[in-house]
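For reference, the chains in residue letters:
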Amino acid sequence: MSETVHLTIDGREIAADPTVSILQAYAQSGAELTANVGCMGQGVCGSCRCMVRKDGERQVSTLLACETRVEPGMQVSFIDYFLPAHVHHYDLKDLHDSWGMLDQIRAVFPEAEHCRHCSGCDRACPKGLPVQSGVAFSVAGDIAAAAAVFDQCVMCNLCTLACPENIRPNHLGLFVRRSVAALTLRPIDLMRRLREVASGEMSVNVTLPRVETATAAPRLAAPAQDR
Amino acid sequence: MNTLNQVLLNPAFQLGADLDGWRAAGGGQGLDAALADPGAIIATLEAADLRGMGGAGFPTHRKWAAAAAAPAPDGDKYVVCNGNEDEPGTFKDRHLLRWTPHQVIEGALIAAVAIRANRVVLYINPHQAEGRAQMRRAAQQWAGTEAVRRIERLIGKPLEIAVVATSGRYIGGEETAVISSLEGGFPFPRRKPPFPAESGCHGAPTLINNTETLANVPHILHHGAAWYRGLGVGDAAGTKLYSLSGDVLLPGLYELPMGTSLHDLIFVHGGGMLEGKAFKGVFTGGPSNTLLTARDLDVALDFDSVRLRRSRLGTGAMIVISEGTSIVRKVAEYIEFFANGSCGQCPSCKAGTFQMARLLDRVDSGRAGPGDIAALRNLCRILPGSGRCGLIDGAVTVVESSLHTFPAEYGVAEPAPAETA
Ligand SMILES: Cc1cc2nc3c(=O)[nH]c(=O)nc-3n(C[C@H](O)[C@H](O)[C@H](O)COP(=O)(O)O)c2cc1C
Ligand code: SF4
Ligand code: SF4
Ligand code: FES
């Protein structure tokens, strides 16, 4: 059995097994999980965004708590969901053909052209995506390349929080991914499956976990999806 | 003796771009003294104990000595007058640029003599349009003068005096951001070392001083270090420009002996509190610094004395707050200012200011959870030093100081042990 690791999370001292993630350590410490948790450790919801300063380091990194293993002396601060003052609105039905893509990007994300190349988004991204280049590809109209950059994006919103020009790179990324999907033929197996579901040929059986209605039940944060 | 406006704000010097007038008022003699004995300039500043007025109070002679000693690879050396002033509550440099441009330029020319610089850059915030216009006119008036020819003979090359507009952004005043800006880019701060005095603009040794710092130099060279030291109260040297604002009767810019008490600034010169308002505290040195309370009214406003109270003089801005104003609300506003001013390079700067602002908002609106104060204190521990420049550190300083001086506003009975140290 390995030694116990001591770290602090939001100023609270916590002892943890060295094999667990920050999020697991936090949950096991008896903390009430009222925010900063969604997919509970699968690294897909982006809710568990946090700042981490490792022992003896000056740098503070932005990471996902469920994908980062605890280390002795780590100091962690969870980050709230960041909702910028300005939210982008668009309707994918406006996209008739790819000729209009560049105009659409300019119309919906006019601030993307103001990128000052600070690389803050690249450094902020816990998935290590080259976010800045995704913004540049979008502005240049290279939509396929831009969509590829954001393929692994979990919408943690950390690049949006980081961007000094209020560009919201992940939302731009989501837009280009949706646009590519809207302008391409749907995968045939998906179309077939949807038909089967619609006709009842394939039954969908979702069993939801039972949630206690008592106030003591943990209130799970909504996943940080685009809104 | 009237201790108000003896030097920098002396009415005799408030001339605008009028070189003849400046000379008639005694200007030019500091530069003459510097040219007569260039080797003695830095020692004179050391004896005078001149400090950087841009916020840090760093001994000026040390920076000048480093820039003088630094080899110039391409033969160039720069002197930069930092006139970017953009922090809420500080309004001193803009006055000097507008009304005493020659006082400032002469200080920069003396710096050029001391470190043998061939490029003098007057880096001015374009939002101060009149100050910039006066500096342009004043710079042109020096062209071709005997004083400039003597400098050129000393350094063995032509002397260039340029007035350059800053980006107008707050971050553009940070010294390594000044360099990025002068090189033509966005004012991104850079990691130090190398320090600008060793390797700055295009790799050349670059001496960057605040406008007020440079404005003091001609007078020190003219009247001597002993005279300058004698202007201050007690051990403090010279005078200081205090930008007094907030809930006082007579807000404004006051030049007073360095080491004047906070009480005298507010209640003698500032006319006291606005009618019906009770004194609560002062943000000293502007939003990026600290708070003092009623029990500190006796503090001498000089760099060292203020530091002994766990506070900082900063730029000399004093923002007076009255009872009924929420300290937490004020601090939240300042944090918002820093969040907007961040250049974006360091994720912890944007994410850290955002999270502090969220926690402050919750405290201010009474929605703070049990762990929120601990989370705020935790941020004050992990954020300092995590950025390339001092912006994030300044933001933490004001949060930490407010937690220490006004714990009750945070619903905390006593300062945490670490903060009473
Ligand atoms: C975020 C930030 C903004 C600053 N803005 C200014 C400014 O507008 N003007 C200024 O003189 N110094 C400013 N400073 C301080 C400069 O970095 C530098 O210390 C100063 O110009 C040096 O001059 P001094 O030694 O004469 O004080 C700023 C520092 C930071 C961290
Ligand atoms: S954070 Fe914003 S401004 Fe900076 S590189 Fe990324 S998109 Fe550009
Ligand atoms: S600390 Fe903030 S303002 Fe300073 S370099 Fe980093 S991101 Fe830019
Ligand atoms: S809980 Fe970490 S990404 Fe969902």
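Since the model is a prediction, treat every value here as computed from it, not as a measurement.

**Comments concerning the sheet that holds strand E4 (residues 60–64) of chain A**
Hydrogen bonds between backbone atoms are what pair the strands of a sheet, whose relative direction is either parallel or antiparallel.
Piece 1. With mixed pairing, five strands are arranged side by side in an open sheet as E2-E1-E5-E3-E4 (chain A). Both edges of this open sheet fall to strand E2 (12–16) and E4 of chain A, since each of them pairs with a single strand only. Sheet twist, expressed as the mean angle between neighbouring strand axes with direction ignored, is 30°.
Piece 2. When strand E1 (residues 5–9) of chain A meets strand E5 (residues 75–78) of chain A, the two strands line up parallel, connected through two bridges. Directly across from Thr8 of chain A, in E5 of chain A, lies its bridge partner Gln75 of chain A.
Piece 3. On top of the sheet, helix H16 (residues 372–382) of chain B reaches E1, strand E3 (49–53), E4 and E5 of chain A; it is set at about 125° to E5 of chain A, its chief contact.

**Section: the state of the cysteines**
Every disulfide links exactly two cysteines, by a covalent bond between their sulfur atoms.
Residue and element names in this part refer to chain A.
Piece 1. One pass over the full model with this rule turns up zero disulfides over all chains.
Piece 2. Not part of a disulfide, Cys159 finds its nearest cysteine sulfur in Cys153, a span of 6.3 Å.
Piece 3. On the basis of relative accessible area, Cys159 is assigned to the buried category, the value being 7%.

**Section: the interface of chain B and chain A**
Piece 1. With 28 residues of chain B in contact, the opposing surface of chain A contributes 27 residues.
Piece 2. Overall, the association of chain B and chain A removes approximately 2,200 Å² of surface from exposure, summing both partners, and the carbon and sulfur fraction of that is 56%.
Piece 3. On the chain B side of the interface with chain A, the three residues burying the most area are Pro347, Phe354 and Ile382 of chain B, jointly 25% of the side's total.
Piece 4. Here chain B and chain A share two salt bridges between them.
Piece 5. Two residues, Arg362 of chain B and Asp80 of chain A, come together in a salt bridge whose shortest N-O distance is 2.3 Å.
Piece 6. One can count 11 residue pairs in polar contact (both at pLDDT 80 or more) joining chain B with chain A.
Piece 7. For the side of chain B that touches chain A, the elements supplying multiple residues, two or more each, are helix H15 (347–364) and H16 of chain B.
Piece 8. In terms of residue count, the dominant contributor to the side of chain B that touches chain A is H15 of chain B (nine residues).

**Focus: the side chain of Thr213 of chain B**
Residues and elements named next belong to chain B.
Piece 1. Here Thr213 lies in helix H10 (residues 211–223).
Piece 2. A residue is classified by how much of its surface remains accessible, and Thr213, at 1% relative accessible area, is buried.
Piece 3. Every residue in contact with Thr213, bar those within four places of it in the chain, is listed here: Leu50, Arg51, Gly52, Met53, Gly54 and Thr60.

**Overview of the domain arrangement of chain B**
Residue and element names in this part refer to chain B.
Piece 1. When its domains are assigned, chain B resolves into domain 1 (2–230), domain 2 (239–322) and domain 3 (327–410).
Piece 2. Between the C-alpha centres of domain 1 and domain 2 the distance comes to 26 Å.
Piece 3. Roughly 1,900 Å² is buried in total at the junction of domain 1 and domain 2, and carbon and sulfur atoms are behind 60% of that figure.
Piece 4. For the pair domain 1 and domain 2, the number of links is two salt bridges.
Piece 5. For Arg51, the salt bridge identified is with Asp304, shortest N-O distance 2.9 Å.
Piece 6. Classifying every residue of the side of domain 1 that touches domain 2 by side-chain character gives 10 nonpolar, 12 polar and four charged.

**Focus: helix H9 (residues 175–182) of chain B**
Spacing of three or four residues puts side chains on the same side of an α-helix, whose turn is 3.6 residues.
Residues and elements named next belong to chain B.
Piece 1. With seven of eight residues buried, H9 lies mostly within the body of the structure.
Piece 2. Turning to H9, its buried residues number three or more, namely Thr176, Ala177, Val178, Ile179, Ser180, Ser181 and Leu182.
Piece 3. Buried positions along H9 lie against strand E1 (78–83), strand E2 (119–124), strand E3 (160–165) and strand E4 (206–210).
Piece 4. Backbone geometry just downstream of H9 places Gly184 in the positive-phi region, at approximately 100°.

**A word on unusual backbone geometry**
Piece 1. Residue Pro193 of chain B is bonded to the preceding Lys192 of chain B through a cis peptide linkage, with omega at -5°.
Piece 2. Among the structural elements, Pro193 of chain B can be located in the loop between H9 and E4.
Piece 3. Cis geometry is adopted by the peptide bond preceding Pro194 of chain B, which originates at Pro193 of chain B and carries an omega value of 5°.
Piece 4. Structurally, Pro194 of chain B is set in the loop between H9 and E4.
Piece 5. Phi angles above zero are rare outside glycine, and Ser119 of chain A is one such case at about 65°.
Piece 6. With respect to the helices and strands, Ser119 of chain A occurs in the loop between helix H2 (101–108) and helix H3 (120–124).
Piece 7. For Asn166 of chain A, which is not glycine, the phi torsion reads 55° and is therefore positive.
Piece 8. By the secondary structure assignment, Asn166 of chain A is in the loop between helix H6 (158–162) and helix H7 (169–183).

**Regarding the environment of Leu19 of chain B**
All names here are of chain B.
Piece 1. By secondary structure assignment, the location of Leu19 is in helix H1 (residues 19–24).
Piece 2. For Leu19, a relative accessible area of 6% corresponds to the buried category.
Piece 3. For the pair Leu19 and Thr315, spaced 296 residues apart in sequence, the C-alpha to C-alpha distance is 28 Å.
Piece 4. Setting aside residues up to four positions removed in sequence, Leu19 forms contacts with His102, Gln141, Trp142 and Thr145.

**Some thoughts on the site of ligand 1**
All names here are of chain B.
Piece 1. Neighbouring ligand 1 are 17 residues, the closest being Gly54, Lys63, Asn209, Asn210 and Thr213.
Piece 2. Here an oxygen atom of ligand 1 sits 3.3 Å away from a polar atom, N or O, in the main chain of Met53.
Piece 3. One of the backbone N or O atoms of Glu85 is found 3.2 Å from an oxygen atom in ligand 1.
Piece 4. Burial of ligand 1 by the surrounding chains reaches 86%, relative to a free accessible area of 610 Å².
Piece 5. Among the elements that take part in the shell around ligand 1, E4 stands out by supplying three residues, more than any other.
Piece 6. Residues of the shell around ligand 1, tallied by class, amount to four nonpolar, nine polar and four charged.

**Some details on the pairing of E3 of chain A**
Each regular strand carries side chains that alternate between the two faces of the sheet.
All names here are of chain A.
Piece 1. Among the five residues in E3, five count as buried, and that is most of the element.
Piece 2. One ladder, built from five bridges, connects E3 with E4; its direction is antiparallel. Paired with Arg49 across the bridge in E4 is Leu64.
Piece 3. Taking the residues that link successive antiparallel strands as the turn, the E3-E4 hairpin has six residues, and the phi of Gly56 there is positive, at about 80°.
Piece 4. Sheet analysis places E3 next to E5, joined by four bridges and oriented antiparallel. Bridge pairing in E5 places Met51 opposite Ser77.

What counts, and at which threshold
- Residues numbered from 1 in each chain as written.
- Chains lettered and ligands numbered in written order.
- Predicted model: local features only at pLDDT ≥ 70, side-chain atom pairs only at ≥ 80, totals over all residues.
- Heavy atoms only, no water.
- Pairing = 2+ DSSP bridges.
- Helix = DSSP H or I, 4+ residues; strand = E, 2+ residues; numbered from the N terminus.
- Axes fitted to C-alpha atoms, helices over the stretch in contact; angles between N-to-C directions.
- Contact = heavy atoms within 4.5 Å.
- Disulfide = S-S within 2.5 Å.
- Buried < 20%, exposed > 50% of the residue type's maximum accessible area, 1.4 Å probe, protein only.
- Buried area = accessible area lost by both parts, 1.4 Å probe.
- Salt bridge = Lys/Arg side-chain N within 4 Å of Asp/Glu carboxyl O.
- Polar contact = N/O pair within 3.5 Å; in protein donor to acceptor, adjacent residues only side chain to side chain.
- Domains from an automatic or database assignment.
- Nonpolar A, V, L, I, M, F, W, Y, C, P; charged D, E, K, R; others polar.
- Near = heavy atom within 4 Å.
- Areas by Shrake-Rupley, 256 points an atom, 1.4 Å probe, with all protein chains shown as cover.

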